[in-house]
Amino acid sequence: MKVVLQDLVKKYPASDSIAVNHVDLTIADSELIVFLGPSGCGKTTTMRMIAGLETPDGGKIFIGERDVTYVAPKDRRVAMVFQNFSMYPSMTVYENIAFPLQALKRSKAEIDQLVREAAELVGVSALLKRGVRQVSGGEAQRVSLARAMVRRPEVFLMDEPLSSLDAKLRVQMRTEIKRLHQETRSTMVFVTHDQEEAMTLGDRIVVMSQGKVQQVGTPHEVFFDPYNLFVATFVGTPGMNLFDGVIQQSGDTLCVDLQGYMQPIPERFRATLNAKTPTPVKWGIRPEGIRFVDATDPNSLAGQIEIIESLGSRQLVFVRSGDKLFSVIVDSLHPVRQGENCHLHFDETRIHLFEAQNGRSLTQRG
Amino acid sequence: MALPIKTQPPSATRQSQFRIWFYHWSQKNIHWFFIAPALIAILVVAIYPIVYSTGLSFFRVSFDSRERPFVLFENFIWILNDKDYWGALGNTLLYVAVTVSGSFVVGFGLALLLRRISVGRNWIRLVLILPLTIAPIVVGLTWNWMFDPLFGLVNWFFIGIGVQPQTWLAQTGTARIVVMLVDIWQWYPLVFLIMDAGLSSLPKAPYESARLEGASDWMIFTRITLPLLRAVILVALLLRTVDAFRTFDLVRVMTDGGPAQTTETLSLYLYRTAFNFNKLSRAGAGATIMLIVISIISNFMFRFLYREQEGR
Amino acid sequence: MQPSLGQRLIAYTIFFILGVLVLVPLAAGVITAFKPRIIWVSSPPTWIFSPTLENFEFVLIQRNNLLHLRNSLIIASGSVTIALILGVPAAYALARFRFRGSKGLLQWLISLRMIPPIVVALPFYILFQTFDLRNTHIGMMMAYLTFLIPLVIWMMRGYFAEIPSAMEECAMVEGYSRLGALRKVVLPVVLPGIIATALLNFMFAWNEYFLALILGGRDTSTLPAAAATYVGRAQVEWGNLFAINLIIMTPVIILTLILRRQLVKGLSLGAVD
Ligand SMILES: Nc1ncnc2c1ncn2[C@@H]1O[C@H](COP(=O)(O)OP(=O)(O)O)[C@@H](O)[C@H]1O
Ligand SMILES: [Mg+2]
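Residues numbered from 1 in each chain as written. Chains lettered and ligands numbered in written order. Predicted model: local features only at pLDDT ≥ 70, side-chain atom pairs only at ≥ 80, totals over all residues. Heavy atoms only, no water.

## Digging into the packing of helix α5 (residues 121-133) of chain B against helix α11 (residues 238-258) of chain C
In contact at an axis separation of 10 Å, α5 of chain B and α11 of chain C are set at 140° when each is read in the N-to-C sense. When the axis of α5 of chain B is compared with that of α11 of chain C, the two are oblique. α11 of chain C is crossed by α5 of chain B, and the crossing has right-handed handedness. Mapping the contact onto sequence places Leu-126, Ile-129, Leu-130 and Thr-133 of chain B in α5 of chain B and Val-252, Ile-253, Thr-256 and Leu-257 of chain C in α11 of chain C. Of the residues that constitute the contact of α5 of chain B with α11 of chain C, the class distribution is six nonpolar, two polar and no charged. (Axes fitted to C-alpha atoms, helices over the stretch in contact; angles between N-to-C directions. Helix = DSSP H or I, 4+ residues; strand = E, 2+ residues; numbered from the N terminus. Parallel < 35°, antiparallel > 145°, perpendicular 65-115°, else oblique. Left-handed = near helix turned anticlockwise from the far one by under 90°. Contact = heavy atoms within 4.5 Å. Nonpolar A, V, L, I, M, F, W, Y, C, P; charged D, E, K, R; others polar.)

## Quick notes on a nonpolar patch on the surface
All names here are of chain B. Among the surface-exposed residues, Phe-18, Trp-21, Phe-22, Trp-25 and Phe-33 lie close enough to one another that they form a single nonpolar patch of about 590 Å² accessible area. Tallying contributions element by element places helix α1 (residues 17-28) first for the nonpolar patch, with four residues. Position of Phe-18 among the secondary structure elements: in helix α1. Looking at Phe-18, the relative accessible area reads 55%, which means it is exposed. (Patch = residues over 30% accessible without salt bridge, like charges linked within 9 Å, V, L, I, M, F, W, Y side chains within 5 Å. Areas by Shrake-Rupley, 256 points an atom, 1.4 Å probe, with all protein chains shown as cover. Salt bridge = Lys/Arg side-chain N within 4 Å of Asp/Glu carboxyl O. Buried < 20%, exposed > 50% of the residue type's maximum accessible area, 1.4 Å probe, protein only.)

## Considerations on the domain arrangement of chain A
Residues and elements named next belong to chain A. Along its sequence, chain A is carved into domain 1 (3-234) and domain 2 (241-355). Measuring from the centre of the C-alpha atoms in domain 1 to the corresponding centre in domain 2 gives 40 Å. Between domain 1 and domain 2, the contact holds nine residues from the first and seven residues from the second. The three residues of domain 1 that bury the most area against domain 2 are Phe-223, Phe-224 and Leu-229, which together make up 65% of that side's buried surface. (Domains from an automatic or database assignment. Buried area = accessible area lost by both parts, 1.4 Å probe.)

## A word on the sheet that holds strand β4 (residues 58-63) of chain A
Two orientations exist for strands paired in a sheet by backbone hydrogen bonds: parallel and antiparallel. Residues and elements named next belong to chain A. Pairing in this open sheet of four strands is antiparallel, and the strands run β2-β1-β4-β5 from one edge to the other. Edge positions in the sheet fall to β2 (20-27) and β5 (66-67), since each of these pairs with one other strand and no more. As defined by bridge partners, strand β1 (residues 3-10) adjoins β4 across five bridges and the pair is classed as antiparallel. Residue Val-3 lies in a different strand from β4, and its bridge partner there is Ile-63. (Pairing = 2+ DSSP bridges.)

## Quick look at the environment of Arg-106 of chain A
Residues and elements named next belong to chain A. For Arg-106, the location among the structural elements is in the loop between α2 (93-103) and α3 (108-122). Residues Arg-106 and Glu-176, 70 residues apart in the sequence, show an inter-C-alpha distance of 28 Å. Discounting chain neighbours no more than four positions away, the residues touching Arg-106 are Leu-101, Ile-111 and Leu-114. Polar side-chain contacts of Arg-106 include one of 3.2 Å to the side chain of Glu-110. (Polar contact = N/O pair within 3.5 Å; in protein donor to acceptor, adjacent residues only side chain to side chain.)

## Here's the deal with the interface of chain B and chain C
By a widely used convention, the size of an interface equals the accessible area lost when the partners come together. Taken together, the contacts link 91 residues of chain B with 96 residues of chain C. Between chain B and chain C, a total of about 8,300 Å² is buried, with carbon and sulfur atoms accounting for 81% of that surface. Considering only the side of chain B, the residues that lose the most area to chain C are Phe-34, Trp-145 and Arg-246 of chain B, jointly responsible for 9% of the buried surface there. At the surface where chain B touches chain C, the tally comes to zero salt bridges. Where chain B touches chain C, the interface holds eight residue pairs in polar contact (both at pLDDT 80 or more). The dominant element in the side of chain B that touches chain C, judged by the number of residues it contributes, is helix α2 (residues 30-56) of chain B, at 20 residues. When grouped by side-chain class, the residues that make up the side of chain B that touches chain C number 69 nonpolar, eleven polar and eleven charged.

## Regarding helix α5 (residues 167-184) of chain A
Residues and elements named next belong to chain A. For α5, built from 18 residues, the straight-helix expectation of 26 Å at 1.5 Å per residue is met to within 8% by its first-to-last C-alpha distance of 26 Å. Within the sequence span of α5, burial applies to Leu-169, Met-173, Arg-174, Glu-176, Ile-177, Leu-180 and His-181. Looking at the packing, one finds that the buried side of α5 touches β3 (32-36), α3, α4 (137-149), β7 (155-159), β8 (187-192) and α6 (195-201). (Expected span 1.5 Å × (residues − 1).)

## Overview of the site of ligand 1
Residues and elements named next belong to chain A. Close contacts around ligand 1 come from Tyr-12, Ser-15, Ala-19, Pro-38, Ser-39, Gly-40, Cys-41, Gly-42, Lys-43, Thr-44 and Thr-45, and that covers them all. Taking Gly-40, its main chain carries an N or O atom lying 2.6 Å from an oxygen atom of ligand 1. Contacts to ligand 1 include Gly-42, whose backbone N or O atom sits 3.1 Å from an oxygen atom. When ligand 1 sits alone it has 560 Å² of accessible area, and the protein chains cover 65% of it. The class makeup of the residues in the shell around ligand 1 is four nonpolar, six polar and one charged. (Near = heavy atom within 4 Å.)

## Here's the deal with the pattern of salt bridges
Summed over the entire model, instances satisfying the criterion amount to 31 salt bridges over all chains. One salt bridge in this structure joins Lys-74 of chain A and Asp-75 of chain A, with 3.6 Å as the shortest N-O distance. Arg-178 of chain C serves as the salt-bridge partner of Glu-168 of chain C, at 3.9 Å between the closest nitrogen and oxygen. Taken together, the residues span a long stretch of sequence, with Glu-168 of chain C in helix α7 (residues 165-173) and Arg-178 of chain C in helix α8 (residues 178-207) at a distance of ten residues. Of the two residues, Glu-168 of chain C and Arg-178 of chain C, both sit in the buried class. In this structure, a network of salt bridges that share partners links the residues Lys-10, Arg-48 and Glu-54 of chain A together with Glu-169 of chain C.

## Topic: the packing of aromatic side chains
The full count for this structure, using the stated rule, is 46 aromatic pairs over all chains. With centroids separated by 5.5 Å and ring planes inclined at 55°, the aromatic side chains of Phe-104 of chain B and Phe-108 of chain B adopt a geometry described as tilted. Of this pair, Phe-104 of chain B and Phe-108 of chain B both sit in helix α4 (residues 83-115), four residues apart, which is roughly one turn of that helix. The class of Phe-108 of chain B is buried, set by a relative accessible area of 6%. Through a chain of ring-to-ring contacts, three or more aromatic side chains come together here, namely Trp-143, Phe-147, Phe-157, Phe-158, Trp-168 and Trp-185 of chain B. Positioned over the ring face of Tyr-12 of chain A is Lys-10 of chain A, at 5.7 Å from the centre of the ring. Positioned over the ring face of Trp-78 of chain B is Arg-282 of chain B, at 4.0 Å from the centre of the ring. (Phe/Tyr/Trp six-rings, centres within 6.5 Å; stacked < 30°, edge-to-face > 60°. Lys NZ or Arg CZ within 6 Å of the ring centre and 35° of its normal.)

## Things to note about the pairing of β7 of chain A
All names here are of chain A. Counting buried positions over the five residues of β7 gives five, a clear majority of the element. On β7, burial covers both faces: Val-155, Leu-157 and Asp-159 on one face and Phe-156 and Met-158 on the other are all buried. Across four bridges, the pairing between strand β6 (residues 78-81) and β7 is parallel. If you follow Ala-79 over to β7, its bridge partner there is Phe-156. The parallel pair β7 and β8, bridged by α5, forms a crossover whose chirality is right-handed. (Right-handed = clockwise from strand over helix to strand, strands pointing away.)

Have a look at this one:
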């Protein structure tokens, strides 16, 4: 079932800022879409509007062909997993999972069968008789997943369901949610502030900030082709190297003047960039886009290695060149030593340019 | 992918403007559905009487006359010129000061003491809160009997240690002391309950680090316990103060204001004015003044309390 | 750090003395309720006698206190029930929804608990005559609601605030209306709180004397009002009086014993929050 958000606006009476600011979004049928953004950016509010727990101040929401903007939550046929709530404390695991079915007035036998199936799917079959005090946090979160899916909802909404779990369990549950999505093929909206979670889960990612959608795209697009400075800095750890520069004509090529170092702009962008007047820009490259090369390489920048941090199989190297500090990620086997002189080469295809004033990408392909 | 994303609206099902409006309205005002019944009831059983009583104090009203002439401030002037009123006010203030601080010290002290022991805590709690559950009137009658000069247990105790039997509740020197002691006996459990709960909810960490740093018990109490409990202490004091201010039952059955009006509280005075002396509107004026005074005090304490809670 | 033996000894001594001060008057009163008439005022008091129920029989049957007992039961349980029905939803809304003026409203409602009863009693006395509510249980209950509703709201708000709002929202998404969600998932969780609130309110209503004295009529006078009529007489009938006292005390003490856990929790929440 596809979900369409149309010019959605929400402002809480108790707060001055706009929580959700003119959001337009189409979520395809059977898609697993992830809302990613810093805390307070409006992810939960958007989700609550889809569920019907908040009424939008403007705009419309469609589930399938149905306008549900003014439909009560219980009639929307969506399921939601909450950030800070997992199990009804007054019920056993079994009763918890059966609870949504009782609202549908199904027969006892049918309920029993569906509950057992759902419990099986999330792996809590052995716990059905337990109460809330006798299950762990991870198990309780599984129960809430089972409760969400037992009604076979057309749309799944999950608001940071894993944020309260420890790291190992989180990764494990992540896989299970992915599997669940593949098995049920229902539309799933997953909210997180954890970009790794977003990257691994999402068919597409919606990056949000301050109530506005910043970019919608596949994990690949969001990572390699950020639409603006916000997405570029928010996605990816360690963050993108960013420096102030000016676009200038140098001989017959267009270059970014990085205060001393002239970085040629790749051929394919030249057409779109106008350099009649020098334009101030932000020049960016991810740490993965930088390589160490020999001093003989003409297209290189000289620097000195300041700090080396191991990331396991790879290492993060900070290189100083003039007043700039570059972070570079290279293989752990690559020999580097603190204090050593080195030369950096920037992969042309991984260079980003952003307008200095509004942060919009000048090099985005999409 | 570029922004903004243009979405084609699926064909919307038609909804009447009214339904949309109604949905918005009911969502925005849902709290009133829950609050309204209580609010209406409050208007009927509290606000209406208060307004009525205030209004009453500007007329001359008594049981034996149907006429109710408007007299403006006559009742207020009368009350403020009545030396019994000022006597009752003085008694009440003394009563509030003594019983509130007394019940607070005893209740808080016992709650602190309970932390020091481990065996039998629940039973001790239960015995300690017993007086609170007993009707003030029963408490008053029971202690009347305890203090009876002929066969009261208190006198027998004093005879045992060689003191002459006394008419405790009939002497101006002892009556108000006895009544206030009994009031403390009745109400320290409320403070005890609140402070006991407050103490149980305290975090452990500050205490452990203070112990490690070698702080004395007294320092821990004044520097950690008291500041953390400020809001709770305020609630306890607030409750006790307003209750003490309107004390009636205990005094009424123990001394009925005597001897020589040394135990006459405001409530008792107003009761007498209205029902013994048939001056309803004068009592109304007195009640209005009392209401204003209590509002000011409780408002003041409330402010203080909210500031505390915000500060936490 | 364990308190030293000496400290604990002192603590237990103080608790023992307090226990004596609390229990001796009550126990002595209870014993007197079972004394035969001739030794009510024996001096020194007699403690060895064969207990009798004649005092209870006398006050309940001869003195017609069965009626007062019935009145007390009707008025206290009736007013508490109404106060819960009205106050619990309001407490829920005040705990859940933030709207303009919600904080002020809460404070105002709570502060109603602090009105001096005389302020209410006087107008009720007159209004009862106007609306012909004299001598009716309904009238008495209305007067009691003045204090019970704010108390219910105060205590219950604390309980509701402890429950995450996601709980009923989850149920609402899962196919229940808000009321359905409240009934099915919130109610079971706050039930201990409701019980504690009910008990405490019952206690106040049951023990109430001032309003009962002023507003109680021939058919609506409650036990405390009846008990108070025993004072001021030339010869106090102590045995009969303590029989009534015992009848007043017993239900509340029994309820407290049964519900002590919920009571302590409820009181502390209302107070701390
Ligand atoms: N009930 C509320 N009342 C007032 N403001 C709120 C409420 N809920 C959220 N907000 C505000 O709305 C903005 C978006 O919140 P939210 O949707 O919860 O963000 P996220 O889930 O992305 O962390 C935040 O600035 C937050 O402070
Ligand atoms: Mg959130």
